[in-house]
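# Chains, contacts and geometry: an overview
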Amino acid sequence: MTDELDEVAEEELPTGPVSATTRVLVLAAAAVAILLLGAAVGLLINLPGSGASAGNPGPGSIEVGFAQDMGVHHQQAVTMANWARDHTQSPEIRQLAFDIQSTQLDQQGRMRGWLMLWGQPEQSPTGRYMAWMAGPSDGMAGMPGMNGNQMPANGVDHMPGYATNAEISKLQSMTGPDMDTYFLQLMLRHHLGGAPMAQFAADHSNVPAVRVLAENILKSQGAEVDLIKQMLTARNAQPLPMN
Amino acid sequence: MAGGKKKGGAKSAVAAARGAVPGKGKPWGTIIAVLVVLVLAVGVFGYAFMQISEKNAAQAALAQWQPSDTNKDPSTKIAGVVVKDYKSGQHVQPTQRVAYDQSPPFGGPHDGFWADCDGIVYPNAVRSENMVHALEHGSVWIAYNPDKVKGADLDKLKLKVQGKQFMMLSPYPGLDKAVSLQSWGHQLKVDSAGDDRIDEFISALRTNQYEYPEVGASCDALGPGQFDPNNPPPFDPSKPGPDAVPMTGTGASAATNEQQPGGGTPPSTGTSATTSPSNPK
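All values reported here derive from a predicted model rather than from experimental measurement. (Residues numbered from 1 in each chain as written. Chains lettered and ligands numbered in written order. Predicted model: local features only at pLDDT ≥ 70, side-chain atom pairs only at ≥ 80, totals over all residues.)

## Looking at the sheet that holds strand S2 (residues 90–92) of chain B
All names here are of chain B. In space, the 3 strands of this open sheet follow the order S3-S2-S9, with mixed pairing throughout. This sheet does not close on itself; its edge strands, each paired only once, are strand S3 (110–111) and strand S9 (253–254). Examined bridge by bridge, S2 and S3 share 2 bridges and lie parallel to one another. Residue pairing in the sheet places Val-92 in a bridge with Asp-111 of S3. (Pairing = 2+ DSSP bridges. Helix = DSSP H or I, 4+ residues; strand = E, 2+ residues; numbered from the N terminus.)

## A word on the environment of Phe-200 of chain A
Among the secondary structure elements, Phe-200 of chain A is positioned in helix H6 (residues 176–204). Overall, Phe-200 of chain A belongs to the buried group, with 20 C-beta atoms counted inside 10 Å. (Buried ≥ 20, exposed ≤ 12 C-beta atoms within 10 Å, placed from the backbone.)

## Focus: helix H6 (residues 197–205) of chain B
All names here are of chain B. When you tally the buried positions in H6, you get 8 out of 9 residues, the bulk of the element. Turning to H6, its buried residues are Arg-197, Ile-198, Glu-200, Phe-201, Ile-202, Ser-203, Ala-204 and Leu-205. Where H6 is buried, its residues touch strand S5 (140–144), helix H5 (151–161), strand S7 (179–183) and strand S8 (186–190). One or two steps after H6, the chain reaches Thr-207, where phi turns positive at roughly 40°. (Contact = placed C-beta atoms within 7 Å.)

## Some remarks on the nonpolar core
Grouped together as the largest cluster of nonpolar side chains are 47 residues, with contacts concentrated most on Phe-66, Met-80, Met-130, Phe-183, Met-187 and Ala-201 of chain A. Elements that contribute at least two residues to this core include exactly helix H3 (62–87), helix H4 (91–118), helix H5 (165–173), H6 and helix H7 (208–234) of chain A. In this structure Phe-66 of chain A touches Trp-132, Met-197, Ala-201, Ser-205, Val-210 and Ala-214 of chain A, once residues within four positions along its chain are discounted. Ranked by size, the runner-up nonpolar core spans 45 residues in total, among them Val-132, Val-149, Leu-181 and Trp-184 of chain B. (Core = buried A, V, L, I, M, F, W, Y, C linked by C-beta atoms within 7 Å.)

## Here we look at the confidence of the model for chain B
Residues and elements named next belong to chain B. When the pLDDT values of chain B are averaged, the result is 85; 82% of them are 70 or greater. Confidence drops under a pLDDT of 50 for residues 1–10, and excluding neighbours within four residues, the segment shows 12 contacts in the predicted structure. Note on residues 259–281: pLDDT is under 50 here. Beyond four places in sequence and across chains, it has 35 contacts. Here the prediction assigns the complex a pTM of 0.76, and the interface score ipTM is 0.74. (pLDDT = per-residue confidence, 0-100.)

## A word on the environment of Ser-128 of chain B
Residues and elements named next belong to chain B. Looking at where Ser-128 falls in the secondary structure, it is placed in helix H4 (residues 128–136). Once the C-alpha coordinates of Ser-128 and Pro-234 are considered, the two residues, 106 residues apart in sequence, prove to be 8.6 Å apart. Contact partners of Ser-128, with chain neighbours within four places excluded, come to Tyr-100, Pro-104, Pro-105 and Phe-235.

## Observations regarding the pairing of strand S6 (residues 167–171) of chain B
Consecutive residues of a regular strand have side chains that alternate between opposite faces of the sheet. Residue and element names in this part refer to chain B. The buried count for S6 comes to 4 of 5 residues, which makes it a mostly enclosed element. Here strand S4 (residues 118–121) pairs with S6 via 3 bridges, running parallel. Along S6, the bridge assignment pairs Ile-120 with Met-168. Here S5 runs beside S6; their pairing, made up of 5 bridges, is parallel. Residue pairing for S6: Trp-141 is matched across the bridge by Met-168. Running through H5, the crossover from S5 to the neighbouring parallel element S6 is right-handed. (Right-handed = clockwise from strand over helix to strand, strands pointing away.)

## Some details on the sheet that holds S5 of chain B
Residue and element names in this part refer to chain B. As summarised here, the arrangement of the 6 strands in space is S1-S8-S7-S5-S6-S4, forming an open sheet in which the pairing is mixed. Lying at the two open borders of the sheet, with one neighbouring strand each, are strand S1 (82–83) and S4. Of the pairings in the sheet, the one linking S5 to S7 comprises 4 bridges and is antiparallel in character. Along S7, the bridge assignment pairs Trp-141 with Gln-182. In the packing of H4 onto the sheet, contacts are made with S5, S6 and S7, and the angle to S5 comes to roughly 145°. In this fold H5 packs onto S4, S5 and S6, with an angle of close to 155° to the strand it touches most, S6. (Axes fitted to C-alpha atoms, helices over the stretch in contact; angles between N-to-C directions.)

Okay, here's the thing in structure tokens:
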């Protein structure tokens, strides 16, 4: 390239050859620039399935993030339902708790199975949640709202609907109808809080099994939300605000 | 030379260009424009390349401590980790003690009721026989010396445990180091709550399917009368007596059914080898 530029400089003729060479050089430079920009875009755009080995979703992908975070979220629902099932006096609560516990444990098993096949840990190694909902591009992940939401690129430290240790401890210290009501309140908030994660995976995942499970979660928990609201009304209790 | 060839070639282009660039030998404007575009392109590419390299490096750093088929126990590369092989599935009664070979223990016979390990922070020291059972279920137990770890240091540890599944934190009176991490068959003692190896240990061993005996087991507490997380059986600082169950498991019972911990029948004193050789590993 420099050789050619030098050669151009040496040509003292004010005519043709300089312009022709210049034209070739400009075209060549344009081609190189386009290739470089194309390569840069290729690197920055997180194409579906990129960052993956052997075609499996990789770290940071929607699929891995969903399976890890929804797995943790489900786990707590199982914990609460297990407790309610073992400690309630109400057949109605026991039935609901059994349904939630067995359904979510099965769903969690599916997600853990995927993670095992994909060679990914069961919990996000960063200790933060929902970063996979920030947007499709890691390189430009500083820009919020790429998918119409405001999820920070490095996620959050608390998932919506996820109960605190103190709340779980409170549930475990209660008895009778008080415990039943508090269980319903915690579970309603839990279901509602997990829905945006399921919705995001249902809308954006390219893996059919992930999409199907996410849609299933939305459907079955949507019906349960209505039921729990009725049960709360029957107990003259209000839903908890979202946390 | 390329230049020579082109001279003959493009007469009409020459004519057209001559009009645009009036009588100048060196089209500096064009050269500068080309160089600027190239520098910009190189800059953008360089930025993208750096971003990806950084991301890949960060992922590689994390992946180093994640178990995989080719790296089943990444903790062996963490300085100071002690690995021991323990027989699993040996249960003792709530009234029995185990003469553990390590302090804190990280394997061996244990109570039929596991400690709650759903990301729980125990304010007081908990009976070791229950904690060891939770290790068998895949959890990591962070024990700390309450005389050495307080305030901001303790908060650092709490952050790693609170609400994080398959994690427990508890004080351990008389601990010989500030912090000790346990998973089934693994231990790491460190002098500070800020030690990087703490996160590496957790990443390498929490629910590591290759390294704990009961994959899929629960961390959930069973409740009062069994294991009540709001009122757990306390740690016993005294030395185990001669009636304590030894590490061989003599006097313990095989775990036949996790739903009925203890196997139902209390071991009769004096009989030996009540453990079945067909214990599930």
